[in-house]
Amino acid sequence: SAETRHGVQIALYAINCPMWRRCFYSADGDLLIVPQEGILQIKTELGRMLCKPGSVAVIPQGIKYAIGCDSDGARGYTLEVYGGHFELPDLGVIGANGLASPRDFEVPSAWF
């Protein structure tokens, strides 16, 4: 739970219109967003990201963000981790053919 700072929370989301006039903030932990349908447009304090189905967005704890979508809407899953941060695993014995290589992740592009 968020009170004990231990564990995770998994939730479903559905969005049918942009929410640019609302700002979200996760004070409890890092937020992982996994779109299942539709493309998410995410604006954070660090920059902008497009998150398509088959990709994953991670928003660090304490970062403010706003979310928009295309005209068809979007839905998917979120996972919030308490008491730690998401980290890339060590590649180990499978090396460059690992499942989580830094080249597979996008970072927000700064905009002002």
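Relevant structure appears above.
Residues numbered from 1 in each chain as written. Predicted model: local features only at pLDDT ≥ 70, side-chain atom pairs only at ≥ 80, totals over all residues. Heavy atoms only, no water.

A. Fine view of the overall build of the chain. Looking only at helices and strands, the chain has zero helices and eight strands in total. Of the regular secondary structure in the chain, the N- to C-terminal order runs β-β-β-β-β-β-β-β. For the chain, buried positions account for 29% of its 112 residues. For the chain, the proportion of contacts with a sequence separation of at least 24, taken over those separated by at least 6, is 72%. (Helix = DSSP H or I, 4+ residues; strand = E, 2+ residues; numbered from the N terminus. Buried < 20%, exposed > 50% of the residue type's maximum accessible area, 1.4 Å probe, protein only. Contact = heavy atoms within 4.5 Å.)

B. Representation of the pairing of strand 3 (residues 29–37) in the model. With eight bridges connecting them, strand 3 and strand 8 (residues 74–82) associate as antiparallel partners. Bridging across to strand 8, Pro-35 finds its partner in Gly-76. Strand direction decides the pairing type here: strand 3 and strand 6 (residues 57–59), joined by three bridges, are antiparallel. Across the sheet, the residue bridging to Leu-32 is Val-58, located in strand 6. (Pairing = 2+ DSSP bridges.)

C. Looking closely at the side chain of Ser-26. Secondary-structure assignment places Ser-26 in the loop between strand 2 (24–25) and strand 3. At 2.8 Å, the side chain of Ser-26 forms a polar contact with the backbone oxygen of Gly-29. Residues within four places of Ser-26 in sequence aside, it is in contact with Gln-61, Gly-62, Ile-63 and Glu-80. (Polar contact = N/O pair within 3.5 Å; in protein donor to acceptor, adjacent residues only side chain to side chain.)

D. Quick look at a nonpolar patch on the surface. Among the surface-exposed residues, Val-56, Val-58 and Phe-86 lie close enough to one another that they form a single nonpolar patch of about 210 Å² accessible area. Relative to the helices and strands, Phe-86 resides in the segment after strand 8. In this structure Phe-86 comes out as partly exposed when scored by relative accessible area, which is 31%. (Patch = residues over 30% accessible without salt bridge, like charges linked within 9 Å, V, L, I, M, F, W, Y side chains within 5 Å. Areas by Shrake-Rupley, 256 points an atom, 1.4 Å probe, with all protein chains shown as cover. Salt bridge = Lys/Arg side-chain N within 4 Å of Asp/Glu carboxyl O.)

E. Just the sheet that holds strand 1 (residues 7–15), in detail. An order of 1-8-3-6 is seen for the four strands of this open sheet, with the pairing classed as antiparallel. Strand pairing shows two members of the sheet lacking a second neighbour, strand 1 and strand 6, which therefore form its edges. Looking at each pair of strands side by side, their axes are set apart by 20° on average, direction ignored. (Axes fitted to C-alpha atoms, helices over the stretch in contact; angles between N-to-C directions.)

F. Quick peek at the nonpolar core. Counting 15 residues, the largest nonpolar core has Ile-15, Ile-33, Leu-40, Ile-42, Ile-59 and Ile-67 as the members making the most contacts within it. It is strand 7 (residues 64–69) that provides the largest number of residues to this core, a total of three residues. Apart from residues no more than four positions distant in its own chain, Ile-59 is found in contact with Asp-30, Leu-31, Ile-33, Ile-42 and Tyr-65. (Core = buried A, V, L, I, M, F, W, Y, C linked by side-chain atoms within 4.5 Å.)

Take it as geometry only, folks, not as evidence of what the structure does.
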